[in-house]
Amino acid sequence: MTTATEHPFAQRLAQLPDSRLLRADQATGTPLMCMPEVEEQTEHYLAIEHGDSADRGMWTGALGGGLGCFLFIMAMITLLNGQTQSAAQAFFVATACTVIPFLLEVLRPMPLPILLNRRTRELYFEQEGEIYHTPWDSIAAATYAYGTVGPYTAGMRHAALEALLHRYGHPQEQVVINLGSPTGKSLEMQSGFWEYLRAYMDNGPWFDEQGRHSDSPEYLQSFQEVRNSKGQSVRLYWGLIKEEYKANKGRNFLSYADFMLLFGSMMLLPVRMLQNFTYAMAKRRSRSQWPQMIRERLRADGPTSRLVDMEQGQA
């Protein structure tokens, strides 16, 4: 049995009271918790957002869905008033506000996600064209809490969840990565996310709230629905209003706050829809940036050999 002092992070965390050394074969005792950074979960791999990929599509949504839609409406009004030249100019500017940021955000390389491969039991990470990886069964990981103080904010607590990987073909070159954003998270939340990853790798791809294997993805689909519903606040607020209508039997059911929330979400609907569409297109294009040896291991019929075994064979 490997002792705690042999853990690669043991010395680094010795001075941190709020920290935990994590192992793939040892439970933390924390209820599992899914984080919004989990962008995709399939039978063979789990993808975690990395870098600024979560903000992809923001400029297209703001310029195209906001300013572009406004100019399009103004162009229609101008056209109905018989001002053809002014309408054409507004249409042109509205199209430019949508197409230009869309192409820039889709064609600009998107940070690749962190991948956990169930078939090979490995973790993959890409940085500046180089592949870093580690076997899941011997992964070195840790979570620790820390605080920040800003000039305009009070002290805030955060917690990081980190893993140690090495560069493919160069085991002496190592990198520590965050498995998701640490901002605003607690030690318990990160420990719960670690249990989620353990359940996926050991009992997945589908499991229940206790981490036990399940034949149905129903429990996990609830997490994905929350992520996929980003920007669908119109449906949310409309559903709440209908519930109030039924509860009050059609009398005094619509409050000013409910109306403003519904109206505001309707105004932002084009922004959110265009942002989500841009994100989906950029993500789909970015997957082709993975090297062939990674892409083929994500397929159901791909090889199951680990990268660490390939390194040893080459050595």
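Structural data are supplied above this passage.
Residues numbered from 1 in each chain as written. Predicted model: local features only at pLDDT ≥ 70, side-chain atom pairs only at ≥ 80, totals over all residues. Heavy atoms only, no water.

To continue, consider the pairing of strand β8 (residues 156-167). Burial of β8 is extensive: 10 of the 12 residues sit out of reach of the surface. Across 2 bridges, the pairing between strand β6 (residues 130-135) and β8 is antiparallel. Following the sheet pairing, Y132 is matched in β8 by R167. With 9 bridges joining them, strand β7 (residues 140-148) and β8 adopt antiparallel strand pairing. Bridge pairing in β8 links A145 to A159. Across 6 bridges, the pairing between β8 and strand β9 (residues 170-178) is antiparallel. (Buried < 20%, exposed > 50% of the residue type's maximum accessible area, 1.4 Å probe, protein only. Helix = DSSP H or I, 4+ residues; strand = E, 2+ residues; numbered from the N terminus. Pairing = 2+ DSSP bridges.)

Attention now goes to unusual backbone geometry. With an omega of 10°, the peptide bond running from G204 to P205 counts as cis. Along the chain, P205 falls in the loop between α4 (187-203) and α5 (218-228). The phi dihedral of R121 falls on the positive side, at around 55°, and the residue is not glycine. Here R121 shows up in the loop between β4 (114-117) and β5 (122-127). Judged by relative accessible area, which is 23%, R121 ranks as partly exposed. Of note in this structure, E128 is not a glycine but carries a positive phi near 55°. Within the secondary structure layout, E128 lies in the loop between β5 and β6.

Another point: the packing of helix α2 (residues 58-80) against helix α3 (residues 84-107). With their axes 8 Å apart at the nearest point, α2 and α3 run at an angle of 165° to one another. In this view, α2 runs roughly antiparallel relative to α3, as classed from their interaxial angle. The handedness of the crossing between α2 and α3 is left-handed. The class makeup of the residues in the contact of α2 with α3 is 17 nonpolar, 7 polar and 1 charged. (Axes fitted to C-alpha atoms, helices over the stretch in contact; angles between N-to-C directions. Parallel < 35°, antiparallel > 145°, perpendicular 65-115°, else oblique. Left-handed = near helix turned anticlockwise from the far one by under 90°. Nonpolar A, V, L, I, M, F, W, Y, C, P; charged D, E, K, R; others polar.)

Within the fold, N276 resides in helix α7 (residues 256-286). Between the alpha carbons of N276 and M58 there is a distance of 8.6 Å; along the sequence they are 218 residues apart.

What follows deals with α2. For the α-helix, the turn length of 3.6 residues means that residues three or four positions removed from each other point alike. The first and last C-alpha atoms of α2 sit 32 Å apart over 23 residues, in line with the 33 Å expected at 1.5 Å per residue. Its axis deflected by about 30° at G68, α2 carries its strongest bend there. Where α2 is concerned, the buried positions are T60, G61, G64, G65, G68, L71, A75 and T78. Following α2 by one or two positions, G82 adopts a phi angle in the positive range, close to 85°. (Expected span 1.5 Å × (residues − 1). Bend = angle between axes of the 7 residues up to and from the residue.)

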